[in-house]
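# Commentary on secondary and tertiary structure
So the chains spell out like this:
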Amino acid sequence: MGRALVWDATCVDSLAASHLPSTSQKAAAAAESAQMLKRPKMFLLRQAVSNARQLAPSVRAMSSKGPLVDLTVDNDGVAIMTLQRPPVNSLNLDLLKEISKSLDDVAKNKSRGMILTSSSPTVFSAGLDIMEMYKPDMKRAEEFWTTLQDVWFKLYGSSFATAAAINGHAPAGGCLLSMSCEYRAMVGGKFTIGLNETALGIVAPKWFMDTMCRTISMRQAELALTTAKMFTVDEALKCELIDEIATDKADAINKCKTFLKKFEKIPPLARAITKLKMREEPIKNLQTSRQADVQEFLSFLKNPKVQQSLEMYIQALKQKAAK
Ligand SMILES: CCCCCCCC/C=C\CC(=O)SCCNC(=O)CCNC(=O)[C@H](O)C(C)(C)COP(=O)(O)OP(=O)(O)OC[C@H]1O[C@@H](n2cnc3c(N)ncnc32)[C@H](O)[C@@H]1OP(=O)(O)O
């Protein structure tokens with residue numbers, strides 16, 4: 001390999017009016033002054049090259065497979081976050097912590113956008129892990145709820161664009177995760193999606209409700225929340241709970257990518273500020289009531305009637321699974 005003989009050259013007009021006062025006093029003064037002027041530019045150039053080198057390993061590090069969440073960046077610069085907690089991606093404390101950390105990684109690495117999906121062929125996420133709420137250790141329950149709030153703040157209020165490729169059932173907390181994204185493509189079939197909390201004898205928190213009211217109409221949301229409606233894929237499309245029906249997971253991911261491509265020509269800062277302003281109200285509401293929300297969750301868990309409902313629900317799930 002050869003080396004460039006001339007890699008940077010500057011020709012100075014030593015007779016230029018701006019240089020005359022110094023060149024008349026000292027030989028090569030014009031060249032010296034031009035060199036001084038170039039130093040900051042070269043420094044910035046070197047910084048940019050070094051920054052680019054530093055970014056490359058961290059982008060690679062994102063590809064490393066975490067046990068419960070897999071985060072990879074594809075060739076288009078889109079981050080794909082895959083939930084992989086068998087059998088049904090129920091959101092326990094560990095999974096929530098990993099989602100939270102992965103959302104930080106996506107934000108840091110300035111990806112073009114993020115697609116949330118699942119490694120299960122039939123379940124996007126079964127929602128909150130009921131075992132975190134049934135006869136819980138209160139200290140853990142507090143951390144569990146705080147982490148869920150964190151995940152919602154980071155996902156609903158992300159400055160990067162988000163889309164959900166819903167490749168299976170998405171009840172309760174699973175529905176919340178997908179509604180917190182900006183776009184939803186759901187695989188057609190026998191899958192269902194919705195906030196079914198009342199069926200379990202529990203009440204979805206206000207911020208779950210707010211998220212739904214900002215996805216489908218207020219009227220549809222009230223009906224759905226009070227009746228614990230689980231929407232079929234066709235019903236979900238009709239009321240705009242999802243944006244598109246996909247043939248399979250790959251198609252759902254492609255549809256999400258097409259959505260993210262819409263932002264290619266939109267200046268990212270303008271897009272992000274617009275999104276955050278649109279979502280400001282529910283975010284501020286939870287920020288101001290965050291502690292009260294945690295306390296409400298904890299006292300709800302201490303209610304014997306709630307524990308009884310959860311026990312019956314767990315039994316019903318186990319019986320269904322055993323069939
Ligand atoms: C601040 C104010 C107060 C706040 C109040 C609290 C508000 C709580 C808010 C949100 C609540 C939730 O998110 S609760 C969770 C609701 N989720 C559900 O109701 C879904 C239940 N699951 C299903 O319907 C089905 O499992 C499925 C459709 C998602 C998948 O069906 P499939 O046939 O594929 O799988 P199985 O049913 O056989 O299940 C396999 C296995 O997983 C266990 N399971 C299922 N869901 C959960 C869950 N959510 N948590 C824990 N475990 C779950 C199921 O029991 C089976 O276990 P076994 O194999 O051991 O029998």
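The shown structure was predicted, so the numbers you read here are calculated from the model rather than taken from an experiment.

## Some remarks on the sheet that holds strand β7 (residues 192-194)
Strand-to-strand pairing in sheets goes through backbone hydrogen bonds, with the strands running parallel or antiparallel. Within the open sheet, the three strands sit side by side as β5-β7-β8. Their pairing is mixed. Each edge of the open sheet carries a strand with a single partner, namely β5 (170-171) and β8 (231-232). Sheet topology note: the β5/β7 ladder contains two bridges and is parallel. Residue pairing across strands places Pro171 opposite Gly194, the latter belonging to β7.

## Quick word on helix α7 (residues 218-227)
Owing to its 3.6 residues per turn, the α-helix brings residues three or four apart onto one side. The complete set of buried residues in α7 reads Ala221, Ala224 and Leu225. Down the axis of α7, the buried set is contained in an arc of 95°. They therefore lie on one face. In α7, those exposed residues whose orientation departs by more than 90 degrees from the buried face are Arg219, Glu222, Thr226 and Thr227. Check the buried side of α7 and you find it contacts α6 (206-213) and β8. In the segment just after α7, Ala228 is the residue with positive phi, at about 55°.

## A few points about the nonpolar core
Residues Ile193 and Met212 are the most contacted members of the largest nonpolar core, which totals 83 residues. If you tally residues by element for this core, the top one is helix α4 (residues 138-156), at nine residues. If we ignore the near neighbours within four places in the chain, the residues touching Ile193 are Ile166, Ala170, Cys175, Ser178, Met186, Lys229, Met230, Phe231, Ala236, Leu241 and Ile242.

## Structural notes on the state of the cysteines
This model, assessed by the stated rule, comprises zero disulfides. Its sulfur unpaired, Cys175 is 9.6 Å from the next cysteine sulfur, which belongs to Cys239. Using a relative accessible area of 12% as the deciding quantity, one classes Cys239 as buried.

## Description of the packing of aromatic side chains
Taken as a whole, this structure holds ten aromatic pairs when the rule is applied. Aromatic pair Trp145 and Phe297: ring centres 3.9 Å apart, planes at 15°, arrangement stacked. You can see Trp145 sitting in helix α4 and its partner Phe297 sitting in helix α10 (residues 268-302), a full 152 residues away along the chain. The pair formed by Trp145 and Phe297 is uniform in burial state, with each residue classed as buried. These aromatic residues form a ring-pair network of at least three members: Phe144, Trp145, Trp152, Phe153, Tyr156, Trp207, Phe208, Phe297 and Phe300. Taking the ring centre of Phe231 as reference, the NZ or CZ of Lys229 above it sits at 5.3 Å. Of note, Arg271 hangs over the ring of Phe263, and the distance from its end group to the ring centre comes to 4.8 Å.

How each quantity is defined
Residues numbered from 1 in each chain as written. Predicted model: local features only at pLDDT ≥ 70, side-chain atom pairs only at ≥ 80, totals over all residues. Heavy atoms only, no water. Pairing = 2+ DSSP bridges. Helix = DSSP H or I, 4+ residues; strand = E, 2+ residues; numbered from the N terminus. Buried < 20%, exposed > 50% of the residue type's maximum accessible area, 1.4 Å probe, protein only. Arc of directions from axis to C-beta. Contact = heavy atoms within 4.5 Å. Core = buried A, V, L, I, M, F, W, Y, C linked by side-chain atoms within 4.5 Å. Disulfide = S-S within 2.5 Å. Phe/Tyr/Trp six-rings, centres within 6.5 Å; stacked < 30°, edge-to-face > 60°. Lys NZ or Arg CZ within 6 Å of the ring centre and 35° of its normal.

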